[in-house]
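Here is how the chains run, residue by residue.
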Amino acid sequence: MTLGVIDECRKLGIGTILLEKTYRQIAYNFPECTIVYLHVVDYNEAAIKFYQKRNDFKYLKIVKDHYEIFGKDYDAEIYFKILEIDQYLQSEMVEF
Ligand SMILES: CC(C)(COP(=O)(O)OP(=O)(O)OC[C@H]1O[C@@H](n2cnc3c(N)ncnc32)[C@H](O)[C@@H]1OP(=O)(O)O)[C@@H](O)C(=O)NCCC(=O)NCCS
């Protein structure tokens, strides 16, 4: 999946809500899944801060030259988060 919030609506908590909705869907549909991974291009400082600082993802490793963007190679940073499945099954789904 790809995650994005339009420019005008960033830093309002929407990206975090989208992640939490995703965890809840995982908890209901794949309760055996207890860990999620993501990759992000290494220069995307805003997204890295969003995942690490706001959403408690932990750094795992770098994958060299994972992306090719406009003919140039970029590394991916891999992050993970251990899901507290019970917490998401009990939590209310926030609707817009
Ligand atoms: C990453 C993204 C989804 C975050 O969505 P959001 O709705 O703005 O995120 P939230 O409001 O839930 O979280 C805000 C937190 O994320 C981080 N953050 C978000 N934008 C940031 C920015 N421009 N600079 C620094 N930190 C940023 C901060 O930790 C911020 O908390 P703070 O305001 O207390 O500093 C959004 O910036 C986006 O769509 N970016 C472009 C697409 C993208 O990079 N997607 C991820 C690809 S892997």
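Residues numbered from 1 in each chain as written. Predicted model: local features only at pLDDT ≥ 70, side-chain atom pairs only at ≥ 80, totals over all residues.

J.: Go over the overall build of the chain, please, and point to the residues and values.
T.: Tallying secondary structure elements over the chain gives 3 helices and 3 strands in all. With the principal axes as the frame, the chain shows a C-alpha extent of 45 × 35 × 20 Å. Put simply, 59% of the contacts in the chain that link residues at least 6 apart link residues at least 24 apart. (Helix = DSSP H or I, 4+ residues; strand = E, 2+ residues; numbered from the N terminus. Contact = placed C-beta atoms within 7 Å.)

J.: I'd love a proper account of the site of the ligand, names of residues and values included.
T.: As a matter of local geometry, the ligand sits amid 18 residues, with Arg10, Gly15, Thr16, Ala46 and Phe50 nearest to it. Secondary structure elements with two or more residues in the shell around the ligand: α1 (14-29) and α2 (45-54). Broken down by class, the residue content of the shell around the ligand amounts to 8 nonpolar, 5 polar and 5 charged. (Near = placed C-beta within 6 Å. Nonpolar A, V, L, I, M, F, W, Y, C, P; charged D, E, K, R; others polar.)

J.: Please provide a residue-by-residue account of the pairing of strand β3 (residues 72-82), values included.
T.: The sheet contact formed by strand β1 (residues 35-41) and β3 spans 7 bridges and is antiparallel. Across the sheet, the residue bridging to Ile35 is Ile82, located in β3. Two elements, strand β2 (residues 58-69) and β3, share 8 bridges in a ladder whose sense is antiparallel. Counterpart to Ile62 in the pairing with β3 is Glu77. Hairpin connection from β2 to β3: 2 residues lie between these consecutive antiparallel strands, with Phe70 at a positive phi of about 50°. (Pairing = 2+ DSSP bridges.)

J.: Residues and numbers for the environment of Glu84, please.
T.: Position of Glu84 relative to the elements: it lies in the loop between β3 and α3 (85-90). A residue is classified by how many C-beta atoms lie within 10 Å of it, and Glu84, with 13 of them, is partly exposed. Between the C-alpha atom of Glu84 and that of Asp73, which follows or precedes it by 11 residues, the distance is 35 Å. (Buried ≥ 20, exposed ≤ 12 C-beta atoms within 10 Å, placed from the backbone.)

J.: Which residues make up unusual backbone geometry, and what are the values?
T.: Here Asp56, not a glycine, exhibits a phi torsion of approximately 60°, which is positive. With respect to the helices and strands, the residue Asp56 is situated in the loop between α2 and β2. Unusually for a residue other than glycine, Asp65 sits at a positive phi of about 55°. Topologically, Asp65 is positioned in strand β2.

Just distances and angles here, no functional claims.
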